[in-house]
Amino acid sequence: MSAVHVLTRSLFPAALSLVLLAWTALHAQQAARAKEAIAHRGASAYRPEHTEAAYRLAMDQKVDFVEQDLGVTKDGQLICIHDDTLERTTNVATVFPDRSTTIALASRTPAKHWLVNDFTLAEIKRLDAGSWFKPEFAGARLLTFQDAIDLVRARPGFGMYPELKSPQLYKSRGIDQVKLFVDAVKKNGLERTDSLKKTPVIIQSFDEEAIHRVSVDLPAIPRVFLTSNDDDVAEPRLRALAKFATGIAPEKVVIARHPEMVARAHAAGLTVTSWTFRSDEKTEYADVAAEMSHFLYDLGIDALFTNNPDLFPRRAIRR
Ligand code: G3P
Ligand code: CA
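Residues numbered from 1 in each chain as written. Chains lettered and ligands numbered in written order. Predicted model: local features only at pLDDT ≥ 70, side-chain atom pairs only at ≥ 80, totals over all residues. Heavy atoms only, no water.

1. Remarks on the coordination of the calcium ion (ligand 2)
Condition: Only nitrogen, oxygen and sulfur atoms qualify as donors, and only when within 2.8 Å of the metal (3.2 Å in the case of Na, K and Ca); with water excluded, sites may look incomplete. A four-donor site is classed as tetrahedral when every donor-metal-donor angle falls between 85 and 135 degrees; four donors are called square planar, and six octahedral, when trans pairs exceed 155 degrees and all remaining angles lie between 65 and 115, with any other arrangement labelled irregular. Here a strand is any run of E in DSSP of at least two residues, a helix any run of H or I of at least four, and the numbering for each starts at the N terminus. For every residue, the accessible area (1.4 Å probe, protein chains only) is compared with the maximum for its type, and the residue is labelled buried under 20%, exposed over 50%, or partly exposed between those bounds.
Around the calcium ion (ligand 2), the donor atoms from the protein are Glu67 (OE), Asp69 (OD) and Glu163 (OE), and they sit 2.1 to 2.4 Å away. In this structure, the calcium ion (ligand 2) is surrounded by six donor atoms whose angles at the metal cover 58 to 159°, and the resulting shape is irregular. The sequence pattern formed by the donor residues of the calcium ion (ligand 2) is E-x1-D-x93-E. Of this pair, glutamate 67 sits in strand E2 (residues 65-72) while glutamate 163 sits in strand E6 (residues 159-164), and the two are 96 residues apart along the sequence. Grouping residues by exposure puts glutamate 67 and glutamate 163 together as buried.

Take a look at the structure:
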């Protein structure tokens, strides 16, 4: 046996062990890093949703991403608000008692609503968006998307997770919400590689057409298709979605009914995110941290939306 052969035979197992060790460590690190917390409307368990206080607290609680649901004002400004209407989270009914519209929203019966799109940004900035939550937050204002960009970007490392809400409603009013959004992203250079490194962005929508459009207009930004529909987690559908989406975000009940979908989605090249994990909801789990742990570490999802970023369980995957 040659000296080279002897050396190779004695060194090979050691080298292989080192490579395996390094691979395992790297894999565990990547798996742990892959678990991401998204602050659902900010740290909305503790502060009024979509206010500066909610976004700042989420970052103080070391969340990975801060969510912005987006609506469009009468004068074409993107603002951060979950509902298509102002009455649940502001005092619009008091400030503008005569400005409601009777309309059927989300297939409910017609009722009086104060649509975001019927008010200018200046009018909306007059509204109190904090008192409904707790009197101590009286005077909190809703934010524009630009306010949110400036707020999150001031703290590099934190990401943004904007949702294109109701693009079809805006389309019915002659407004291209997706274009307004794409223009705002480009104006701020959020899609540039250097910006994404400092301020990661992931776009989300229940509207498939919107996700398709941003895949063309903003290809560098990951985009996640939201769904509450069991049919969307079937294998052919996941493969079809993977042609333009980078992730799928089924409601947690859908994942609970089809836990095998996580592996199917990963195999199709899609990340899996779920929603919404909140301490004020009664579930079968001991608490919201246990519920989040189950979805992240037992079912294997990659990220989740939570009202309680401080309770997000960070650890390496159990094997
Ligand atoms: O966007 C993910 C989750 O927030 C969807 O639910 O209704 O709170 O926007 P919603
Ligand atoms: Ca949302």
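From this point on, the discussion continues.
2. Regarding helix H5 (residues 145-153)
The line we're drawing: Working definition: the arc comes from the directions between the helix axis and the C-beta atoms, pointing outward to the latter. Residues count as neighbours in contact if any of their non-hydrogen atoms are within 4.5 Å of one another.
Listed in full, the buried residues belonging to H5 are Phe145, Ala148, Ile149, Leu151 and Val152. What you see down the axis of H5 is that its buried residues fit within an arc of 165°, all on one side. Where H5 is buried, its residues contact helix H2 (52-60), E2, strand E3 (78-80), E6 and helix H7 (177-188).

3. As for the layout of surface pockets
For clarity, the cut-off: Using only the protein atoms, space was sampled on a 1 Å grid; points where a 1.4 Å probe fits but cannot get out form cavities, open sets with protein on both sides within 12 Å along at least five of seven lines form pockets, and lining residues are those with an atom within 4 Å of a point. Grid points are joined across faces, edges and corners, and a volume is the space filled by probe spheres set on the points. Lys, Arg, Asp and Glu make up the charged group, whereas Ala, Val, Leu, Ile, Met, Phe, Trp, Tyr, Cys and Pro make up the nonpolar group; the residues left over, Gly among them, are polar.
Considering only enclosed or pocket space, the largest pocket measures out at about 620 Å³ in volume. Elements with a contribution of two residues or more to the lining of the largest pocket: E2, E6, helix H6 (167-172), strand E7 (203-205) and strand E10 (271-277). Taken together, the residues that form the lining of the largest pocket break down as nine nonpolar, seven polar and 10 charged.

4. Concerning the site of ligand 1
Worth spelling out the cut-off: Nearness here has a simple test: a residue counts as near a molecule or strand if at least one of its heavy atoms is within 4 Å of that partner. Pairs of N or O atoms within 3.5 Å make up the polar contacts considered here, provided that, within protein, one atom can donate a hydrogen while the other can accept it, and that residues adjacent in sequence are counted only when both atoms are side-chain atoms. Note on areas: Shrake-Rupley with a 1.4 Å probe; residue coverage comes only from the protein chains shown. Those molecules having more than half of their atoms within 2 Å of a cavity or pocket grid point set are described as sitting in that cavity or pocket.
Neighbouring residues of ligand 1: His40, Arg41, Glu67, Asp69, His82, Glu163, Lys165, Gln204, Leu226, Trp275 and Phe305. Measuring from an oxygen atom of ligand 1, one finds a side-chain N or O atom of histidine 82 at 2.7 Å. The contact in question runs from an oxygen atom of ligand 1 to an N or O atom on the side chain of glutamine 204, over 2.6 Å. Against a free-state accessible area of 280 Å², the protein chains account for coverage of 90% of ligand 1. Comparing atom positions with the cavity grids shows ligand 1 to sit within the largest pocket.

5. Section: the packing of aromatic side chains
The condition that has to hold: Only the six-membered ring of Trp is used, alongside the rings of Phe and Tyr, when aromatic pairs are assigned; centres must lie within 6.5 Å, and planes under 30 degrees apart are stacked while those over 60 apart are edge-to-face, with the rest tilted. Here, a charge over a ring means that NZ of Lys or CZ of Arg falls within 6 Å of the ring centre while also lying within 35 degrees of the ring normal.
Considering all chains together, one arrives at eight aromatic pairs under this definition. Between the aromatic rings of phenylalanine 133 and phenylalanine 137, the centroid separation amounts to 5.9 Å while the plane-to-plane angle is 55°, which identifies the pairing as tilted. Accessibility expressed as a relative area gives 22% for phenylalanine 133, which makes it partly exposed. When the centroid spacing of 5.1 Å and the interplanar angle of 75° are considered together, the rings of phenylalanine 277 and phenylalanine 295 count as edge-to-face. One end of the pair, phenylalanine 277, is in strand E10; the other, phenylalanine 295, is in helix H13 (residues 288-298), and 18 residues separate them in sequence. On the basis of relative accessible area, phenylalanine 295 is assigned to the buried category, the value being 2%. Each residue in the set Phe65, Tyr161 and Phe305 is aromatic and connected to the rest through ring pairs, giving one cluster. Positioned above the aromatic ring of tryptophan 132 is the side chain of arginine 88, whose terminal nitrogen or guanidinium carbon lies 5.8 Å from the ring centre.

6. Considerations on unusual backbone geometry
Backbone geometry follows two general trends: most residues other than glycine have a negative phi, and most peptide bonds adopt the trans configuration. In this model, tryptophan 275 is joined to threonine 276 through a cis peptide bond whose omega is -10°. A positive phi angle, near 55°, is found at serine 166, a position not held by glycine. Mapped onto the fold, serine 166 is located in the loop between E6 and H6.

7. Overview of the side chain of threonine 144
Note on placement: threonine 144 falls in the loop between helix H4 (121-125) and H5. Looking at threonine 144, the relative accessible area reads 9%, which means it is buried. Excluding residues that lie within four positions of it along the chain, threonine 144 makes contacts with Leu78, Ile79, Cys80, Leu121 and Lys125.

8. A closer look at the pairing of strand E8 (residues 223-227)
Convention followed: Look down the strands so they point away from you; if the path from the first strand over the helix to the second goes clockwise, the crossover is right-handed. If DSSP finds at least two bridges between two strands, the strands pair.
Where burial is concerned, most of E8 is hidden: five out of the five residues are buried. With burial as the criterion, each face of E8 is covered, one bearing Arg223, Phe225 and Thr227 and the other bearing Val224 and Leu226. Crossover E7 to E8 through helix H9 (residues 208-217) is right-handed. Inspection of the sheet shows E8 paired to strand E9 (residues 247-250) by four bridges, in the parallel sense. Considered in E9, the bridge of valine 224 is made with glycine 247.

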